[in-house]
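# Examining the three-dimensional arrangement
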Amino acid sequence: MNGPSGMNWRGISAIYGFELHRFRRTFWTSLMTPVITTTLYFIVFGSAIGSRMNEIDGIPYGAFIVPGLIMLSMLQESIFNASFGIYMPRWTGTIYEILSAPLSPLETVIAYVGAAATKSMIVGLVIFATAHLFVDVTVVHPLAMLAFMLVIAISFCLFGFILGLWAKSFEQLQFVPLLVIMPMTFLGGAFYTISMLPEPWRTITLFNPVIYLISGFRWTFFGQGDVSLGISLSVIAAMLAACTGIIIWMFRTGYRLKK
Amino acid sequence: MTSIISVKGVRKSYASGHIALHGVDLDIKEGEIFALLGPNGAGKTTLISIICGLVNPSEGQILVGGQDSVRDYRAARSMIGLVPQELHTDAFEKVITTVRFSRGLFGKPRNDALIEKILRDLSLWDKRDAQMQELSGGMKRRVMIAKALAHEPHVLFLDEPTAGVDVELRKDMWALVRRLRDTGVTIILTTHYIEEAEEMADRVGVINKGRVMLVEEKDQLMRKMGRKSLTLHLSQSLNAVPPELSAWDVTLKPGGHDLEYAFDARSGDSNAVSALLKQVNALGLGYHDLSTRQSSLEDIFVGLVHQGDEARKEAAA
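Residues numbered from 1 in each chain as written. Chains lettered and ligands numbered in written order. Predicted model: local features only at pLDDT ≥ 70, side-chain atom pairs only at ≥ 80, totals over all residues. Heavy atoms only, no water.

## Quick word on the overall build of chain B
When helices and strands are tallied, chain B shows ten helices and 14 strands. Here the C-alpha atoms of chain B give a radius of gyration of 25 Å, more than 25% beyond the 20 Å that 2.2 N^0.38 yields for 317 residues. Viewed in the frame of its principal axes, chain B has a C-alpha envelope of about 80 × 50 × 35 Å. Burial analysis of chain B (317 residues in total) assigns 48% to the buried set. Considering only residue pairs separated by 6 or more positions, chain B has 70% of its internal contacts joining residues 24 or more positions apart. About 14900 Å² of surface is accessible on chain B, with carbon and sulfur atoms providing 48% of the total. (Helix = DSSP H or I, 4+ residues; strand = E, 2+ residues; numbered from the N terminus. Rg over C-alpha atoms; globule rule 2.2 N^0.38 Å. Buried < 20%, exposed > 50% of the residue type's maximum accessible area, 1.4 Å probe, protein only. Contact = heavy atoms within 4.5 Å. Areas by Shrake-Rupley, 256 points an atom, 1.4 Å probe, with all protein chains shown as cover.)

## A word on the interface of chain A and chain B
The accessible area lost on association of the parts is a frequent measure of interface size. Tallying the contact residues gives 31 residues for chain A and 28 residues for chain B. Carbon and sulfur atoms make up 56% of the area that chain A and chain B hide from each other, which totals about 2700 Å². Connecting chain A to chain B are three salt bridges. Two residues, Arg25(A) and Glu93(B), come together in a salt bridge whose shortest N-O distance is 3.1 Å. Applying the counting criterion to the chain A and chain B interface returns eleven residue pairs in polar contact (both at pLDDT 80 or more). Residue contributions to the side of chain A that touches chain B peak at seven residues, all from helix α1 (residues 9-25) of chain A. A class-by-class count of the residues in the side of chain A that touches chain B yields 13 nonpolar, twelve polar and six charged. (Buried area = accessible area lost by both parts, 1.4 Å probe. Salt bridge = Lys/Arg side-chain N within 4 Å of Asp/Glu carboxyl O. Polar contact = N/O pair within 3.5 Å; in protein donor to acceptor, adjacent residues only side chain to side chain. Nonpolar A, V, L, I, M, F, W, Y, C, P; charged D, E, K, R; others polar.)

## Section: the nonpolar core
Among the nonpolar cores identified, the biggest contains 151 residues, and Ile5(B) and Phe157(B) are the most heavily contacted of them. Element by element, the count of residues in this core is highest for helix α3 (residues 61-92) of chain A, at 14 residues. In contact with Ile5(B), not counting residues within four places along its chain, are Leu26(B), Asp27(B), Ile28(B), Ile51(B), Leu63(B), Val64(B), Val155(B), Phe157(B) and Ile188(B). Counting residues in hydrophobic clusters, the runner-up holds 15 residues, among them Ala272(B), Leu276(B), Val280(B) and Leu285(B). (Core = buried A, V, L, I, M, F, W, Y, C linked by side-chain atoms within 4.5 Å.)

## As for the pairing of strand β8 (residues 186-191) of chain B
Residues and elements named next belong to chain B. When you tally the buried positions in β8, you get six out of six residues, the bulk of the element. Side chains of β8 alternate between two faces, with Thr186, Ile188 and Thr190 and Ile187, Leu189 and Thr191 buried alike. Note: strand β3 (residues 33-37) against β8, five bridges, orientation parallel. Among the inter-strand pairings, Leu37 is bridged to a residue of β8, identified as Thr191. Here strand β7 (residues 155-159) pairs with β8 via five bridges, running parallel. (Pairing = 2+ DSSP bridges.)

## What to know about the sheet that holds β8(B)
Note: strands within a sheet are paired through backbone hydrogen bonds, in either parallel or antiparallel orientation. Residues and elements named next belong to chain B. Taken together, the six strands give an open sheet; going across it, the order is β6-β7-β8-β3-β9-β10, and neighbouring strands pair in mixed fashion. Two strands close off the open sheet at either side, each with one partner strand: β6 (80-83) and β10 (211-217). Neighbour-to-neighbour, the strand axes of this sheet turn through a mean angle of 15 degrees, independent of strand direction. When strand β9 (residues 203-208) meets β10, the two strands line up antiparallel, connected through six bridges. Across the sheet, residue Asn208 finds its bridge partner in β10, namely Arg211. Contacts from helix α1 (residues 44-52) reach β3, β6, β7, β8 and β9 within the one sheet, and its direction differs from that of β7 by about 150 degrees. Packing against the sheet, helix α6 (residues 167-182) makes contact with β3, β7 and β8, and its axis sits at approximately 155 degrees to β8. (Axes fitted to C-alpha atoms, helices over the stretch in contact; angles between N-to-C directions.)

## Quick notes on the pairing of β9(B)
Among the six residues that make up β9(B), six are buried, leaving the element largely enclosed by the rest of the structure. Between β9(B) and β10(B), which follow one another and run antiparallel, lie two residues, and Lys209(B) among them has a positive phi close to 50 degrees.

## Observations concerning the pattern of salt bridges
All names here are of chain B. Per the counting criterion, the structure on display carries 19 salt bridges over all chains. Arg103 is the partner of Glu152 in a salt bridge, and the nearest nitrogen-oxygen pair spans 2.8 Å. Here the residue Glu152 occupies a position in the loop between α5 (137-149) and β7, and Arg103 occupies one in helix α3 (residues 95-105), the gap between them amounting to 49 residues. Classification of Glu152 as partly exposed rests on a relative accessible area of 38%.

## Brief notes about unusual backbone geometry
Across the junction of Glu199(A) and Pro200(A), the peptide omega takes the value 5 degrees, indicating a cis bond. Along the chain, Pro200(A) turns up in the loop between α7 (170-186) and α8 (201-205). With phi around 55 degrees, Ser123(B) is a residue other than glycine that occupies positive phi space. Along the chain, the position of Ser123(B) falls in the loop between α4 (112-121) and α5. Exposure remark for Ser123(B): the relative accessible area of 54% places this residue in the exposed category. We note that Glu152(B) has phi near 55 degrees; this positive angle belongs to a residue other than glycine.

## Overview of the domain arrangement of chain B
Domain annotation of chain B identifies domain 1 (3-223) and domain 2 (227-294). Between the C-alpha centres of domain 1 of chain B and domain 2 of chain B the distance comes to 46 Å. (Domains from an automatic or database assignment.)

## Focus: the sheet that holds strand β1 (residues 3-13) of chain B
Residues and elements named next belong to chain B. Across the sheet, which stays open at both edges, the four strands sit in the order β2-β1-β4-β5 with antiparallel pairing between neighbours. Lying at the two open borders of the sheet, with one neighbouring strand each, are β2 (19-29) and β5 (67-68). By the bridge criterion, five bridges tie β1 to strand β4 (residues 59-64) in an arrangement that is antiparallel. Looking across to β4, one finds that Arg11 is bridged to Glu59.

## Looking at the environment of Arg141(B)
Residues and elements named next belong to chain B. Position of Arg141 relative to the elements: it lies in helix α5. Considering only alpha carbons, one finds Arg141 and Leu105, 36 residues apart in sequence, at a separation of 19 Å. Excluding residues that lie within four positions of it along the chain, Arg141 makes contacts with Pro84, Gln85, Leu87, Asp159, Glu160, Pro161, Ala163 and Met173. At 3.3 Å, the side chain of Arg141 and the backbone oxygen of Pro161 are in polar contact.

Now the structure itself:
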């Protein structure tokens, strides 16, 4: 035991290790899927269509879509892995062990979200590497890029964790990523800048939080984005705060965890 | 002996209005085997789940080794190992990995020697590298016990450990539970097999409809409520109990062939049986066979549960 007041780091590492082990079992499928998907995007948008596109704000189209594509996969991976990670033990019933262990809610979240975010980072970096096979990309602010990826991964893993706690069925688990997140990311400016959109779509798009994430992430690559960096960071901070708040509430009330 | 678990006024009601537990008080002594007996839906699992932190109580307090199960949940939960009723396992995990995982979860440093000992004790060592999905039900149950023991708990909860387990395995399980108790682990098991409680428990608690109806030393319970009966199978039927036998608690069974005498085996006149038989002989009543029967925990249990039902019916009327 780590003492009654200290953190149960061994408990955290047990769950973290368990989750990574689960990822390792499906290592190739879970890594190849985003790589193949991204490759297809590069072939279609980068090479086929991109060659007929003008530069956007001085950036070749093939390079322009790289940050958006990384973000697209990372959002999906984060939500999918984190929601699945906590939904599975609820579904199989093995959650009993987590609930009966001397683990605080914070420790539980660190373990599950940490593991899911780790995998998202790996996927993000693999796609980043894959992109270099197709286009020339230079990153203006590499450290900021990594920090951005990490914060986004954590935020969306927290969101996924909420989803995994909330879902009562596999159908619900799939529903949100498919019908809400997918359109949001596609319309989030991964393949275009919002200035390319006609009104009223441009104004409507501003309500999509993903715009700010991709714009901020694009700034780390090219030193410029659709919206100011400050707004991007504020949106991410707000998301992080909202997800954390919801999770605290869920644990405090025992929502869907304890009867 | 000191209480290792102390349940004080624990109540559980659900939003639907269903009350699973009505203010339960219960003390478990250190080192005992305690059997919580009750029909399905009595509240056994709910009570265990509350003690172990799976379910929040609506009211009341639980102390585990003197530590509050909510305020000092780390200390309280560290002392407890839980084997739930359902076989919840990760299908793709290896036996040894999942047992190690459990130990880590409770914040204990890795200890391969201990894990090996636990697996050997449970006859699982040969299966240590098997995936959970390859195991039979009985083995899975043993893995769950291994998981619960991996962090060296002081108290082990076994929720219906032998539900759906064949006779052979059930006996193994009983032997295992006794061995565990010999190592100093306090064991609380729930069961609806009376036989199991009678066989293993030091003390028995009967729970029904969310109320603990009785907690007693098993032997005392058997003694106190252990009624015996002697049945004489008469050669010729009677129409009524002869008035000469009215000094004994004798009844005539329908058909008039069986004369039943109910008595307390441990108290009262120790010559009552011989006196009765003498009187029967004197009356010239022939019998071709006789049998005695001692009431089991089962009778006591059924009696208690019925009593409770009747009392409530009366109270409602």
